[in-house]
Amino acid sequence: MEPAAIGARLASSVVAPLIKKLFVAEGPGAGLVDNPVRVSRLLSFTGEKRTLSETDLHKIARELVARAAQSTGVAEQLPAYERRAVAHAVADSLRAMDSIDMEDVQAVQLGHMAFAQHLRAQSRSATLGLSNDAVLLYVSVLDTACLHIVHFFTQRSTFVARTLVEQSRRIEELSIKIDTLIARTPSPADAPFEERYAQYIASKHGKLTIFGLDLAESPGIWPLDTAYLSLDAVGDTTHLPADQILAGRHRVLLRGVAGSGKTTLIQWLAVSTAQKNLDERLLYLYGLVPFVLPLRTLTRGGAKLPTPDEFLSEVSCPIAALQPAGWFDRVLRSGRGLILVDGIDEIPESERQGARRWLQDLVATYPRNRWLVTSRPSAVRENWLTGDDFAELDLAAMSRDNIAAFVERWHKAAGIGDQYAQDLMRAIRAKQDLARLATNPLMCALICALHQDRRGYLPDGRKEIYDAALSMLLSRRDRERGIHKPGAIRIGEAHLVQLIQKLAYWMIRNGRSEMDRGDAVRLLDHALPTMPKVAEQGSPEEIYRHLVVRSGLLREPTAGAMDFIHRTFQDYLGARAAVEGLDFDFLIAHAHLDQWEDVIRMSVAHARFMERTRLLTGLVARGDASEKEGRRLHLLAAACLEHATELDPDVRDEVQRRAAALIPPQSAEQARALAEVGPVVLDLLPGPADIPPDSPDRAYFTVLTATRIATDAAIPVLALYRDEPDLRIRTELARVWNRFDCDRYGEEVIAHLSPEFLYFPVSNTRELRVLRRFGGRPRLKISGSFSPEEFLRVCDRESPHDLWVEVDPGGTWEWLSAFPNLRTVYFEVPVSTAETVPRSVRVVGEPIAPPTTSGTAAESWDDVDSLGT
């Protein structure tokens, strides 16, 4: 039996009157009042206008099947009972029109074949037990019926009007987008300058210094587009790629620990905007003008923060004087500015309130621009800028996949064989302390360099890694590359450290992350008389130049200024200078200031047994005496324990007892501070049974603390909360899966989470396989780089009924039809991708934060129409 034969032989004169009975007669103006016009509202066998009974529906189905059977001779091939079963199946599928959330216009756009396939997917059990011929008859009858149904929609008197309304809406949306692009196009007078400025930004910020690469046969500079690794930004109700944080919002304060990649993210956004070679995820940056404003540079020497007309000159942009008159004002008034303010934490605490007022004035004057401000977590309090409509997010630690990708790229850039990369990844997976250290790009790069430099041997602990890195950078670097020539300045490692740590400690004591070149030279001039063998080799100016060029630790970011290649080295060497100078009382007196936190920790690491005791007991005593700063000081003392290789047990107990009194945490800020203490805090965190039932927030913040400690030692603590009904807790537990061992975390946590309203994120095929082993989950969030073929091959196709597509898998979307029970798809894709989304789904606007509250996701994701496939 040919499938096309039935449709050809079922005359319209037979089918059309039957199909017409399925729908109510429209009244004057019907369809334009109800906007949009849902298919379910037109049916004659449902709702208040019911004119067709269930019996009538089955009668129509039997008539359609009978006519088809007679016209093709199938009647002789199928027994009567099977023809009746086919009629029941057709009736069930037609009845499914009552449950679909689709407009008549959308049904027409789908076409009759896709519409019929959609109805079949809604009534999959209808054909159970039918023979192949009976199924073929059912499919053909339903296809033909849908052809006439779609045709019927086009004949309705309101359809043309509805189509015009739909087209008008789309034209309006397109006009808005075109207007936006026009608004982002510079005037002819400004365009030449903006082109030169874009070239400057791409050149200035388009490369990174990658630690350790200059020891290999490769340059120490990495192109940004090769080096950049997309990390995640997280908030109480947000989890998205960091380079998307300004896509759905215009103002963000981003927190991240030292070395977490805040400055790299700013460079990436600036260069991507300037080069205009934007992929679909970054199209929201099109036409914007980036202003990179590192506060350490802007406030050097106590300078006043700049006005917009000084943005370029204050960062030493060489073409600042060429900007057309009033250019900055035209850019910012039109909302074309991308203002990237880096390092609130790198200015003294006493100046931050002034920086906040400066920001508030700028935002009030030019509110339509995009603003990104970065800081270390403890530098500014929670909600520091929320009154000015800034969203506050945290830069997440690198996941296991991030670490693996970084290690592979580092070794490729260094020209080192894959074997070293594979050996290092095995070591990171085997040693939890090493895995925890590798969770930010700075430490990961150091570990890569040391692993290669020491032929696979890695020191234990943060201090040991810094010691080895300094030795590698200060002495072995030049020796192994054969730099020394007759008559050249030669300074031993010990003297190099002494000189550089004096510069570091001066910067810390003065609350600076940059130093004027003249101040650095004068400081060296005072120090050199105590080092005659160094002083005889050159003037303070020559010694300064040698330190900058040859140490690998210092650089000149702008003319006349000096800083460390990373703030972490400044804190480490400053701490060493403080301990050698016996400045313990000074350290304790400044311990409440966030700029001193890492210095205090490293001082504990540098200190000897009695010095360490003095430091920690002093922190505890000062915390006991200070109601305002007590919590902060006690947490800092606890965070120092991981660096205390040898410590009096009584002192350790006192520190841990103070920390335990601060648990469970009562805010995200406290959770963040506790996580900074490290794995030692895991033993102090309570289980859900120990938290009062009327304090659900404390349970959530306890989980938030544990998930921020990126070590498998946190898994048993998190497993205690796997049965909690709170959606925030379940979402957080699911969100961090890729930070831990996939199988172990899957078995101990993921497998036990209630699936109600919870989207399970899957970022790789390993997680998909684990979920399939547990029987799949009804709601999945595709958050990794899957090809459609990979996803289909591994995923359990029967279980998902809701998908949240966070990334564009490429190609078209027909693969969604492989999921028979799929009801709803949320597309979180850029505007440019909307043309590839099925016509039944409309994507409007820029990417937005998906739902995270209780209830159905569609209730809080207003910009996307949800539709089952």
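First, a word on scope: everything that follows refers to the structure included in this document.

Calculation notes
- Residues numbered from 1 in each chain as written.
- Predicted model: local features only at pLDDT ≥ 70, side-chain atom pairs only at ≥ 80, totals over all residues.
- Heavy atoms only, no water.
- Helix = DSSP H or I, 4+ residues; strand = E, 2+ residues; numbered from the N terminus.
- Buried < 20%, exposed > 50% of the residue type's maximum accessible area, 1.4 Å probe, protein only.
- Contact = heavy atoms within 4.5 Å.
- Areas by Shrake-Rupley, 256 points an atom, 1.4 Å probe, with all protein chains shown as cover.
- Pairing = 2+ DSSP bridges.
- Core = buried A, V, L, I, M, F, W, Y, C linked by side-chain atoms within 4.5 Å.
- Salt bridge = Lys/Arg side-chain N within 4 Å of Asp/Glu carboxyl O.
- Expected span 1.5 Å × (residues − 1).
- 1 Å grid on protein atoms, 1.4 Å probe; cavity = no way out; pocket = protein on both sides within 12 Å on 5 of 7 lines; lining within 4 Å.
- Points joined across faces, edges and corners; volume = space filled by probe spheres on them.
- Nonpolar A, V, L, I, M, F, W, Y, C, P; charged D, E, K, R; others polar.
- Axes fitted to C-alpha atoms, helices over the stretch in contact; angles between N-to-C directions.
- Parallel < 35°, antiparallel > 145°, perpendicular 65-115°, else oblique.
- Left-handed = near helix turned anticlockwise from the far one by under 90°.

**Side note on the overall build of the protein**
Helix and strand counts for the protein stand at 37 helices and 16 strands. The 869 residues of the protein split such that 55% are buried. Pairs at least 24 apart in sequence give 68% of the contacts found in the protein among residues at least 6 apart. Here the protein has roughly 36,500 Å² of accessible surface; of this, 50% comes from carbon and sulfur atoms.

**So, the sheet that holds strand E10 (residues 515-516)**
With antiparallel pairing, three strands are arranged side by side in an open sheet as E10-E12-E11. In this open sheet, the two strands that pair with only one neighbour each are E10 and strand E11 (554-555). Bridge count for E10 against strand E12 (residues 561-564) is two bridges, and the pairing is antiparallel. Bridging across to E12, Met515 finds its partner in Met562.

**Points about the nonpolar core**
Counting residues in hydrophobic clusters, the biggest one holds 223 residues, and the most contacted among them are Tyr197, Ile245, Phe291, Phe569, Tyr745 and Phe791. Of all hydrophobic cores here, the second largest spans 44 residues; its members include Leu18, Leu43, Leu78 and Val86.

**Concerning the pattern of salt bridges**
One pass over the full model with this rule turns up 47 salt bridges. A salt bridge links Glu514 to Arg300; its shortest N-O distance comes to 2.8 Å. Of the two residues, Glu514 is situated in the loop between helix H21 (493-509) and E10 and Arg300 in the loop between helix H12 (295-298) and helix H13 (311-314); the sequence distance between them amounts to 214 residues. By relative accessible area, which is 2% here, Glu514 ends up buried.

**What about helix H11 (residues 262-275)?**
Its 14 residues give H11 an end-to-end C-alpha distance of 20 Å, which sits within 8% of 20 Å, the value for a rise of 1.5 Å per residue. Burial analysis of H11 places eleven of its 14 residues in the buried class, which makes it a mostly covered element. Buried within H11 we find Lys262, Leu265, Ile266, Gln267, Trp268, Leu269, Ala270, Val271, Ser272, Thr273 and Ala274. Within two residues after H11, Lys276 carries a phi angle of roughly 65°, on the positive side.

**Focus: the environment of Leu547**
Considering the arrangement of structural elements, one finds Leu547 in helix H24 (residues 540-550). In sequence terms Leu547 and Leu474 are 73 residues apart; their C-alpha atoms lie 9.4 Å from each other. The contact partners of Leu547, leaving out residues within four places of it in the chain, are Leu496, Leu499, Ile500, Leu503, Leu524 and Leu554.

**Section: empty space enclosed by the protein**
Across all of its chains, the model carries seven cavities of 30 Å³ or more by this definition. Here the largest cavity defines a volume of roughly 90 Å³. Taken together, Leu231, Asp232, His239, Ala396, Ala397, Met398, Ser399, Asn402, Arg735, Val736, Asn738 and Arg739 form the lining of the largest cavity. A breakdown of the residues in the lining of the largest cavity according to their chemical character gives five nonpolar, four polar and three charged.

**Quick word on the packing of helix H28 (residues 609-625) against helix H29 (residues 630-640)**
Relative orientation of the contacting elements H28 and H29 amounts to 160°, with a least axis distance of 7 Å. Relative to H29, the element H28 is oriented roughly antiparallel. Where H28 crosses over H29, the two elements pack in a sense that is left-handed. Packed against H28, whose contacting residues are Leu616, Leu619, Val620, Arg622, Gly623 and Asp624, the element H29 presents Gly630, Leu633, His634, Ala637 and Cys640 at the interface. Here the contact of H28 with H29 is composed, by residue class, of six nonpolar, three polar and two charged.

**So, the packing of H21 against H24**
The interhelical angle for the contact between H21 and H24, taken along N-to-C directions, is 95°, at an axis separation of 12 Å. Considering their axes alone, H21 and H24 lie roughly perpendicular with respect to each other. Counted together, Leu496, Leu499, Ile500 and Leu503 of H21 and Ile543, His546 and Leu547 of H24 form the full contact between these two elements. When grouped by side-chain class, the residues that make up the contact of H21 with H24 number six nonpolar, one polar and no charged.

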